[in-house]
Number of protein chains: 2
Amino acid sequence: MTSVIRIGFTGAVGSYSEAAVRALYAGHAAFKGCALETVSFETDHQLFEAVRSQKVDQAITPIENSLSGTLHEILSALIDTRDVPRLCIAAEFIFHEPHQLLGLPGATTSGARQVVSHDHVLAQCDEYLDAVLPKHNASGSGCQRVMVSSTGEAAELVRALNDKSVLCVAGHTAAAIYGLVPVAVDTDEQRAQQTRIETHADSSFTRFWLLAREDLVAPVERHQEPKTSLGLRTQNRPGALHRILSCFALRNINVYKIESRPQPRSILRPHAAWSYDMYIDFEGAPSVDASVARALDNVREFSTEVVVLGSYPRYVFDEQLW
Amino acid sequence: MTSVIRIGFTGAVGSYSEAAVRALYAGHAAFKGCALETVSFETDHQLFEAVRSQKVDQAITPIENSLSGTLHEILSALIDTRDVPRLCIAAEFIFHEPHQLLGLPGATTSGARQVVSHDHVLAQCDEYLDAVLPKHNASGSGCQRVMVSSTGEAAELVRALNDKSVLCVAGHTAAAIYGLVPVAVDTDEQRAQQTRIETHADSSFTRFWLLAREDLVAPVERHQEPKTSLGLRTQNRPGALHRILSCFALRNINVYKIESRPQPRSILRPHAAWSYDMYIDFEGAPSVDASVARALDNVREFSTEVVVLGSYPRYVFDEQLW
């Protein structure tokens, strides 16, 4: 008997989130024997609610891109939301599907009126798009950049409109699903870049998180070499962050990522110091390593507030397995 | 005799960047006696080149928003670019102009086909826009979100198209320049939000930087209570970041902001650890405080690469003076 796991994502079928979770389940032995069913939601809020109410088992969501940075709205939803049961991180997956400029068969860049994608994806491709599809300007000529919620939705829209003057940036999964093709470009110089969006957008990797209900997620195990993520607040004074990092450094625990987040409260008083909360990723998990548990205890001692986002295994995309 | 200072910005007249620099020069005694001339550029690259070649004296650019986070493309351009003369930070300014939903006189939300703005601004207003202007969907109904380079450009476009079905999100400066008005909404519930974009977008504050050629910027002075910003790279091992922060903590120097940035080189090897560079803001300046100079010396000792982005005074927007 094969068990079925239902994973929700935001946007339409064929989005990078859906492609990522399919790659994760196809490529990693840990997920063998699970039949995967993906379920589309319109908004992140609806997606997270569906996990809380067990309409789906887990959610997949992008959290950081190597070019365009952290997706702050997701991080804030996880750290600042007090809704229970809480969601926590069940796994991390680093995934890369090359961006493609797609359209209906016969579409060309010179005939393009609009190019549609996720806002982070449009930002990642800004230089390339400036070169092949100059922006809409005040005279009304040029090509508009249109934001939608996911790359899947962008591809779905091009198919639904059935309009060759509307292009999108999405991956080959979306191209296959919606019958879109890489768009022919009109100059020799552009032709060299025909199927893949060049400049630096090819080095765009995205960290995705699988999110699950805190009370339903399986505890991480030592052999999974877990990573733990925290949101925390300290007093805003010299040395506060140094004390937090001491908790890890004194125990030889590697800190992977640290990021300041402007405090929601302080932004209402712009004349006061612009204060920050912290987001931190470090190696290990308190449940499997006593020194990590002690480090976390000390972090709580030196912070005014700590939210543990989860301890979870990490997976990377292996093109050979896909 | 009044000296004239020329400040470049990206986008069209009336953008938040231009409004910010006008507020800075109007509201702060340090700039009295300078006649301000603002100059528009199409791209950040052109803007920075204009400062290098002295076509303008300085550039103003947004660097961080309290809701949508760091503008990574600007930070990367400053840290990773080896073009000389280098640009450095001459001042920081925290500014807030409330977002408004604008259109031609007589425009309504029910007749709206497109809403145009900067991608960060559209992201900050996402919830509000979902409520009053549901997104374009695959059936072709709804309102498109269109990205342009600045809020000024968005307002200019609405004016140039002279089309009541195209709205924009921009500030009152842009509204005044392009003859746009707050858009009437069509339900009682929406009417309560009529002129200002509510939800949390009203608590959106943006940090702007004035950038100048390193060899032409005036040294910061002690009474300006300066802040210093660094980009740096350390060895990826436990305690590396802790040692960096020790340099400040042992001397009682406050660290304001710290942020990991995925390393450009490491993203080409996704199977290796996802490695990060660091961006750090701290109080003081090495040129006016010996203990800050010693801290910076030690940071260099414990890093593989350090880029000093500048030591600079900080200003905040005072609505009373504007």
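Definitions and cut-offs
Residues numbered from 1 in each chain as written. Chains lettered and ligands numbered in written order. Predicted model: local features only at pLDDT ≥ 70, side-chain atom pairs only at ≥ 80, totals over all residues. Heavy atoms only, no water. Helix = DSSP H or I, 4+ residues; strand = E, 2+ residues; numbered from the N terminus. Buried < 20%, exposed > 50% of the residue type's maximum accessible area, 1.4 Å probe, protein only. Contact = heavy atoms within 4.5 Å. Areas by Shrake-Rupley, 256 points an atom, 1.4 Å probe, with all protein chains shown as cover. Polar contact = N/O pair within 3.5 Å; in protein donor to acceptor, adjacent residues only side chain to side chain. Expected span 1.5 Å × (residues − 1). Arc of directions from axis to C-beta. Pairing = 2+ DSSP bridges. Axes fitted to C-alpha atoms, helices over the stretch in contact; angles between N-to-C directions. Buried area = accessible area lost by both parts, 1.4 Å probe. Salt bridge = Lys/Arg side-chain N within 4 Å of Asp/Glu carboxyl O. Nonpolar A, V, L, I, M, F, W, Y, C, P; charged D, E, K, R; others polar. 1 Å grid on protein atoms, 1.4 Å probe; cavity = no way out; pocket = protein on both sides within 12 Å on 5 of 7 lines; lining within 4 Å. Points joined across faces, edges and corners; volume = space filled by probe spheres on them. Domains from an automatic or database assignment. Least-squares fit on C-alpha atoms with pLDDT ≥ 70 in both.

*Asks:* Give me the overall build of chain A: which residues, what numbers.
*Replies:* Counting its regular elements, chain A contains 10 helices and 16 strands. In chain A, which comprises 322 residues, the proportion classed as buried is 58%. Taking as baseline every contact in chain A between residues at least 6 positions apart, the subset at least 24 positions apart corresponds to 80%. Counting every atom, chain A has about 12,800 Å² of accessible surface; 50% of that belongs to carbon and sulfur.

*Asks:* Could you give me a rundown of the side chain of Asn65 of chain B, with the residues and numbers involved?
*Replies:* Relative to the helices and strands, Asn65 of chain B is located in strand 3 (residues 58–65). Of the polar contacts made by the side chain of Asn65 of chain B, one reaches the side chain of Gln124 of chain B; its length is 3.3 Å.

*Asks:* Describe helix 10 (residues 290–301) of chain A, naming the residues involved and giving the relevant values.
*Replies:* All names here are of chain A. If you check helix 10, its first and last C-alpha atoms are 17 Å apart, about what 12 residues at 1.5 Å a residue would give, namely 16 Å. All buried positions along helix 10 are accounted for by Val292, Ala295, Leu296 and Val299. Viewed end-on, helix 10 has its buried residues packed into an arc of 95°, placing them on one side of the element. Buried residues in helix 10 make contact with strand 12 (227–233), helix 9 (240–249), strand 14 (276–283) and strand 15 (305–312). In this structure Asp289 caps helix 10, since a side-chain oxygen of it lies 2.9 Å from the backbone nitrogen of Ser291.

*Asks:* Can you explain the environment of His45 of chain A? Please cite residues and give values.
*Replies:* Take His45 of chain A: it is sitting in helix 2 (residues 44–52). With 35 residues separating them along the chain, His45 of chain A and Thr10 of chain A place their C-alpha atoms 9.3 Å apart.

*Asks:* Tell me about the sheet that holds strand 10 (residues 181–182) of chain B, and please be specific about residues and values.
*Replies:* Here 10 strands make up an open sheet; going across it, the order is 10(A)-6(A)-9(A)-7(A)-8(A)-8(B)-7(B)-9(B)-6(B)-10(B) and the pairing mixed. Whereas interior strands pair on both sides, the edge strands pair on one side only; in this sheet they are strand 10 (181–182) of chain A together with strand 10 of chain B. Here strand 6 (residues 100–103) of chain B pairs with strand 9 (residues 166–170) of chain B via 3 bridges, running antiparallel. Across the sheet, residue Gln100 of chain B finds its bridge partner in strand 9 of chain B, namely Ala170 of chain B. Against the sheet, helix 6 (residues 151–161) of chain A touches strand 6 (100–103), strand 7 (114–118), strand 8 (144–148) and strand 9 (166–170) of chain A, its axis set at about 155° to strand 9 of chain A.

*Asks:* Please provide a residue-by-residue account of the interface of chain A and chain B, values included.
*Replies:* With 61 residues of chain A at the contact, the number on the chain B side is 61 residues. Taken over both partners, the interface formed by chain A and chain B buries close to 5,100 Å², and the fraction arising from carbon and sulfur atoms is 65%. If you look at where chain A meets chain B, you find 0 salt bridges. Where chain A touches chain B, the interface holds 9 residue pairs in polar contact (both at pLDDT 80 or more). Counting residues per element, the side of chain A that touches chain B draws most heavily on strand 13 (residues 255–262) of chain A, at 6 residues. Tallied by class, residues from the side of chain A that touches chain B come to 27 nonpolar, 22 polar and 12 charged. Pairing geometry for strand 8 of chain A and strand 8 (residues 144–148) of chain B, over 3 bridges, is antiparallel. Residue pairing across strands places Arg145 of chain A opposite Met147 of chain B, the latter belonging to strand 8 of chain B.

*Asks:* Help me get a handle on the layout of surface pockets, residues and values and all.
*Replies:* Residues and elements named next belong to chain B. The volume enclosed by the second largest pocket comes to roughly 730 Å³. Around the second largest pocket, the lining comprises 35 residues; the ones closest to its centre are Gln58, Ala90, Leu216, Val217 and Ala218. Mapped onto the lining of the second largest pocket, the elements with two or more residues apiece are strand 5 (87–95), strand 11 (206–213) and strand 15 (305–312). Here the residues of the lining of the second largest pocket are counted per class, giving 25 nonpolar, 6 polar and 4 charged. Residues lining the lining of the second largest pocket come from more than one domain, with at least three contributed by each of domain 1 (3–97 + 205–215) and domain 3 (228–310).

*Asks:* Tell me about the environment of Val316 of chain A, residues and numbers included.
*Replies:* Secondary-structure assignment places Val316 of chain A in strand 16 (residues 314–316). C-alpha separation for the pair Val316 of chain A and His28 of chain A, spaced 288 residues apart in sequence, amounts to 9.1 Å.

*Asks:* How would you explain the pairing of strand 7 of chain A if you had to name every residue and give the values?
*Replies:* All names here are of chain A. In terms of burial, strand 7 is largely enclosed, as 5 of its 5 residues are buried. The sheet contact formed by strand 7 and strand 8 spans 5 bridges and is parallel. In the sheet register, Ser117 faces strand 8, and the bridge partner there is Met147. Note: strand 7 against strand 9, 3 bridges, orientation parallel. Following the sheet pairing, Val116 is matched in strand 9 by Cys168.

*Asks:* Describe in detail the relation of the copies chain A and chain B, supporting the description with residues and values.
*Replies:* For the pair chain A and chain B, the superposition axis carries a translation of 0.0 Å, the fit reaches an RMSD of 0.0 Å, and the rotation angle comes to 180°. Taken together, the rotation and translation describe the operation of a two-fold axis. A symmetric contact is evident, with 100% of the interface residues of chain A recurring at the interface of chain B.

Function cannot be read off these values alone, since they describe shape.
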